[in-house]
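Chain and residue survey
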Amino acid sequence: MLIGKHAPALGACFVVPGRDAAGEDRPVLCVHGRPDEHEVNRVIEVLKREVDSHSVPAKVLLLDDLPLTPNGKPNRRAIAQLADLALRRAQPVEDSVLC
């Protein structure tokens, strides 16, 4: 995966779709834990160079506790709901990292 290749220190991270206040689908980078801010910014810069602009995360969501399914896998539905909430509080990714 592109993210893990460029920032192995981030640990568990993935991109989920979110819906902003205008109803537009926007990608959200979800990171488990408290990574170094420079690592997160570096990933965003790499993504800006490597993927289409519509695939660059609009928001970074830091998750202290990763929602899990009963079988221990990341609960993408619950994480997507958190992503929607984060996007509705929209600020550009350069301006804020949600805690």
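These figures come from a predicted structure and were not determined experimentally. (Residues numbered from 1 in each chain as written. Predicted model: local features only at pLDDT ≥ 70, side-chain atom pairs only at ≥ 80, totals over all residues. Heavy atoms only, no water.)

1. Some points on helix α2 (residues 37–50)
Along an α-helix, residues three or four positions apart point the same way, because every turn accommodates 3.6 residues. With 14 residues, α2 extends 20 Å from end C-alpha to end C-alpha; this agrees with the ideal 20 Å at 1.5 Å per step. Where α2 is concerned, the buried positions are Glu39, Val40, Val43, Ile44, Val46 and Leu47. The buried residues of α2 occupy an angular sector of 160 degrees when projected down its axis, which confines them to one face. Of the residues in α2, the exposed ones pointing more than 90 degrees away from the buried face are Glu37, His38 and Arg49. (Helix = DSSP H or I, 4+ residues; strand = E, 2+ residues; numbered from the N terminus. Expected span 1.5 Å × (residues − 1). Buried < 20%, exposed > 50% of the residue type's maximum accessible area, 1.4 Å probe, protein only. Arc of directions from axis to C-beta.)

2. So, the pairing of strand β1 (residues 13–19)
Pairing of β1 with strand β2 (residues 25–32), which is carried by seven bridges, proceeds in the antiparallel orientation. Note that in β2 the partner of Pro17 across the bridge is Pro27. Here β1 folds back onto β2, and the loop between the two strands holds five residues, one of which, Gly23, carries a positive phi near 85 degrees. (Pairing = 2+ DSSP bridges.)

3. Focus on the nonpolar core
Counting 12 residues, the largest nonpolar core is built from Phe14, Val16, Val28, Cys30, Ala58, Leu61, Leu63, Leu66, Ile79, Ala83, Ala86 and Leu87. Going through the elements one at a time, β1, β2, β3 (59–63) and α3 (76–88) are the ones with two or more residues in this core. Those residues within four positions of Val28 in sequence are excluded, and the remaining contacts are Phe14, Val15, Val16, Pro57, Lys59, Leu61, Ala83 and Leu87. Ranked by size, the runner-up nonpolar core spans 10 residues in total, among them Leu10, Ile44, Leu47 and Val60. (Core = buried A, V, L, I, M, F, W, Y, C linked by side-chain atoms within 4.5 Å. Contact = heavy atoms within 4.5 Å.)

Function cannot be inferred from these measures alone, as they are strictly geometric.
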